[in-house]
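# An overview of the molecular structure
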Amino acid sequence: MSKIFATLFSVLALAFGLTCISLLTVNKSTALQSFAQLSTLPGLALSVRYFEPRNRFYADENERFFIDMRPISTMDFIYAK
Amino acid sequence: MQNKLFYNFLFLLLLKHRIKHISIFIISTLIVFILSSVVLLSNALQEEINTTLDSQADFVIQKMRAGKSVNTPLSWSDEFREIEGISQAQPRVYGQYFFKPNAEHFTIVGIDFFDEQKSKNLQKLITNLDMKKFLEKPNMLIGHGVKALLDKYYFFDYYVFKTPHQKKRKVNIYQIFPKESSLLSNDMIIMDIDLAREILGISEEQSTDIALYNPNELEAENIYVKLVLKHADIRVIQKSDIAKAYKRLFNYKGGLFLILYMIVLLTFMMILYQRYSMVQSSDKKEIGILRALGWSIKDVIILKVTESFMVAFGAFLLGFILAFFFVFVLDAPLLSNIFYGYANLPMDISLHRSIDFSLVSLLFLFYILPFMTAVLIPSWKASVIDPLEAMR
């Protein structure tokens, strides 16, 4: 009786093995990286409506802190020297 | 108890109760398949995008006017170059061009092809590119989405752009970017910087924005403060903001699916609980015989839980393999449109096969744990039946 299950298990194991092999043997293309270096634009070419800007990731972080309250970082001390 | 005979008996039971298990197996496979497809697709997209982050500028400077980003004066780049820690200030020229016939937007990017680094990158991207021939005439390099759209309107070799000054500018299609870069290049047109200025209406004293590079990450916060203090109408975008935005974008769409999954899983758990609670008289007899033969309650629970685990594990494995095939071999038809959108140029990309194993184990736990929890109580209820009463 367990022969049926052994067969089913073998099929599943084979499919899993093939998945792993295809995952390990894939050659990563560098085209995307080369293109990013060329254009230096971060916006994905994901479809957007005409009223949505292509570079919608740009957030305004200007008001992150009050202009006079500059946070002290380690580099301040380095520059102070 | 858990020896060869136990498993033989377990398989016999599974075969005997196949009608009961098969519907649960099919539903489980379907649930795992849908969720795994979403997770694999979202993760593969995120992985692809994260590889491009290194090429991004550390700071992007934009000039703001009335809440909108306007063209930045070129003189600003010289000003920023003087800030300690900034190694390179690069004015960029890009913008959107409205393609009237189809009411779509292309992204035009102007590149200075005499810049050695840019030229090298282009050669790496498009092999056998004759730069001399490319620069002889007004030429452009276009993405797959742009090519498909221009072909639709019979612009096979060239396109005539209209400048803001109502002039017409004929630009030849020189080559198409490789399909592997479509995630970024699908709606993009790359041309000479002066030509891009003319088509987008950006004067020679201006640029769209300025990209700044800082080789020392430790100085980033300090430089950021200095940049913000330089001008009142300035917007400074850091590389980390872009990384956060990518994460937000994919988490938002993936999160929606996760919420739906939670609802489906809860419903499924209830169905499972009800299904396994319905102990039929034959089941009762079966348990009664086992108990009379000397099986303890614990042994019966182990048998019942293992039986359910086999079904759940098999369904998980099959669902996941099907999802892998669907996303990386078939390129996730229908589902990919949810991530790429329907509104603009159709995207045709092959994703790089990658799996985050921590995510797979999380998926496994999120599926197996509720499944086993729903099955455990009915199994225990069935196994505590009095053997004498059950066999009567």
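Here the structure is a predicted model, which means the values were calculated and not measured.

## Examining the overall build of chain A
Scanning chain A from N- to C-terminus turns up three helices and zero strands. Looking at chain A as a whole, 37% of its 81 residues are labelled buried. Of the accessible surface of chain A, which amounts to about 5,200 Å², a share of 65% is contributed by carbon and sulfur atoms.

## As for the overall build of chain B
Within chain B one finds 15 helices and 12 strands. At 31 Å, chain B has a C-alpha radius of gyration far larger than the 21 Å of a compact globule built from 392 residues. Here the C-alpha coordinates of chain B stretch approximately 95 × 50 × 40 Å along the principal axes. When burial is assessed residue by residue, chain B has 51% of its 392 residues classed as buried. Counting contacts in chain B only where the partners sit at least 6 residues apart, residues at least 24 apart contribute 80% of the total.

## Brief notes about a nonpolar patch on the surface
Residue and element names in this part refer to chain B. Together, Leu 258, Ile 259, Leu 260, Met 262, Ile 263, Leu 362 and Phe 366 give the surface a local cluster of nonpolar side chains, amounting to about 640 Å² of exposed area. Contributions of two or more residues to the nonpolar patch are made by helix 10 (239–277) and helix 14 (357–383). In terms of residue count, the dominant contributor to the nonpolar patch is helix 10 (five residues). The exposure class assigned to Leu 362 is partly exposed, which follows from its relative accessible area of 45%.

## Considerations on the confidence of the model for chain A
Any residue range with low pLDDT should be treated as having predicted coordinates unsuitable for detailed reading. When the pLDDT values of chain A are averaged, the result is 70; 59% of them are 70 or greater. When pLDDT is averaged over each element of chain A, helix 2 (residues 31–39) of chain A comes out on top at 85 and helix 3 (residues 74–80) of chain A at the bottom at 71.

## Structural notes on the side chain of Asp 233 of chain B
Residues and elements named next belong to chain B. Mapping Asp 233 onto the fold places it in the loop between helix 9 (220–230) and strand 12 (234–238). A distance of 3.2 Å separates a polar atom in the side chain of Asp 233 from a polar atom in the side chain of Lys 63. A distance of 3.0 Å separates polar atoms of two side chains, one belonging to Asp 233 and the other to Arg 65.

## Digging into the nonpolar core
Core analysis: the biggest nonpolar cluster contains 56 residues, and Leu 41, Ile 190 and Leu 351 of chain B have the highest contact counts within it. Taken domain by domain, this core gets at least three of its residues from each of domain 1 (4–51 + 245–391) and domain 2 (59–213) of chain B. Setting aside chain neighbours within four positions, we find Ile 190 of chain B in contact with Phe 35, Leu 38 and Ser 39 of chain A together with Val 109, Ile 111, Phe 113, Met 140, Leu 141 and Phe 177 of chain B. Counting 24 residues, the second-largest nonpolar core is a separate cluster that includes Leu 14, Val 311, Ala 315 and Tyr 367 of chain B.

## Remarks on a negative patch on the surface
A surface patch of like charges, here negative, comprises Asp 112, Asp 194, Glu 204 and Glu 205 of chain B. Structurally, Asp 194 of chain B can be placed in helix 8 (residues 193–200).

## Concerning unusual backbone geometry
The backbone phi angle of Thr 40 of chain A is positive, close to 55 degrees, even though this residue is not glycine. As for its position among the elements, Thr 40 of chain A is in the loop between helix 2 and helix 3. Residue Thr 40 of chain A is classed as buried on the basis of its relative accessible area of 3%. Residue Gln 166 of chain B is not a glycine yet carries a positive backbone phi of 65 degrees.

## Overview of the pattern of salt bridges
All names here are of chain B. Applying the stated criterion across every chain yields a total of 10 salt bridges over all chains. Across the pair Asp 58 and Lys 239 runs a salt bridge whose closest N-O atoms are separated by 3.7 Å. Of the two residues, Asp 58 sits in the loop between helix 2 (18–52) and strand 1 (59–65) while Lys 239 sits in helix 10, which places them 181 residues apart along the sequence. Owing to a relative accessible area of 17%, Asp 58 belongs among the buried residues under this scheme. The partly exposed category is assigned to Lys 239, whose relative accessible area is 23%. Across the pair Asp 233 and Lys 63 runs a salt bridge whose closest N-O atoms are separated by 3.2 Å. Of this pair, Asp 233 sits in the loop between helix 9 and strand 12 while Lys 63 is found in strand 1, placing the two residues 170 residues apart along the sequence. Here the salt bridges do not stand alone but share partners, grouping Lys 16, Glu 286, Lys 304 and Glu 307 into one network.

## Some words on the packing of helix 2 of chain B against helix 12 (residues 297–329) of chain B
Residues and elements named next belong to chain B. The N-to-C vectors of helix 2 and helix 12 enclose an angle of 40 degrees; their axes lie 7 Å apart at closest approach. Relative to helix 12, the element helix 2 is oriented oblique. Our pair here, helix 2 against helix 12, has a crossing hand that is right-handed. Of the residues assigned to the contact of helix 2 with helix 12, the class counts are 18 nonpolar, seven polar and one charged.

## Section: the environment of Leu 330 of chain B
By secondary structure assignment, the location of Leu 330 of chain B is in the loop between helix 12 and helix 13 (335–340). Taking the C-alpha atoms as reference points, Leu 330 of chain B and Ala 66 of chain B, 264 residues apart in sequence, are found 46 Å from one another.

Definitions and cut-offs
Residues numbered from 1 in each chain as written. Chains lettered and ligands numbered in written order. Predicted model: local features only at pLDDT ≥ 70, side-chain atom pairs only at ≥ 80, totals over all residues. Heavy atoms only, no water. Helix = DSSP H or I, 4+ residues; strand = E, 2+ residues; numbered from the N terminus. Buried < 20%, exposed > 50% of the residue type's maximum accessible area, 1.4 Å probe, protein only. Areas by Shrake-Rupley, 256 points an atom, 1.4 Å probe, with all protein chains shown as cover. Rg over C-alpha atoms; globule rule 2.2 N^0.38 Å. Contact = heavy atoms within 4.5 Å. Patch = residues over 30% accessible without salt bridge, like charges linked within 9 Å, V, L, I, M, F, W, Y side chains within 5 Å. Salt bridge = Lys/Arg side-chain N within 4 Å of Asp/Glu carboxyl O. pLDDT = per-residue confidence, 0-100. Polar contact = N/O pair within 3.5 Å; in protein donor to acceptor, adjacent residues only side chain to side chain. Core = buried A, V, L, I, M, F, W, Y, C linked by side-chain atoms within 4.5 Å. Domains from an automatic or database assignment. Lys, Arg positive; Asp, Glu negative; His and termini not counted. Charge placed at Lys NZ, Arg CZ, Asp CG, Glu CD. Axes fitted to C-alpha atoms, helices over the stretch in contact; angles between N-to-C directions. Parallel < 35°, antiparallel > 145°, perpendicular 65-115°, else oblique. Left-handed = near helix turned anticlockwise from the far one by under 90°. Nonpolar A, V, L, I, M, F, W, Y, C, P; charged D, E, K, R; others polar.

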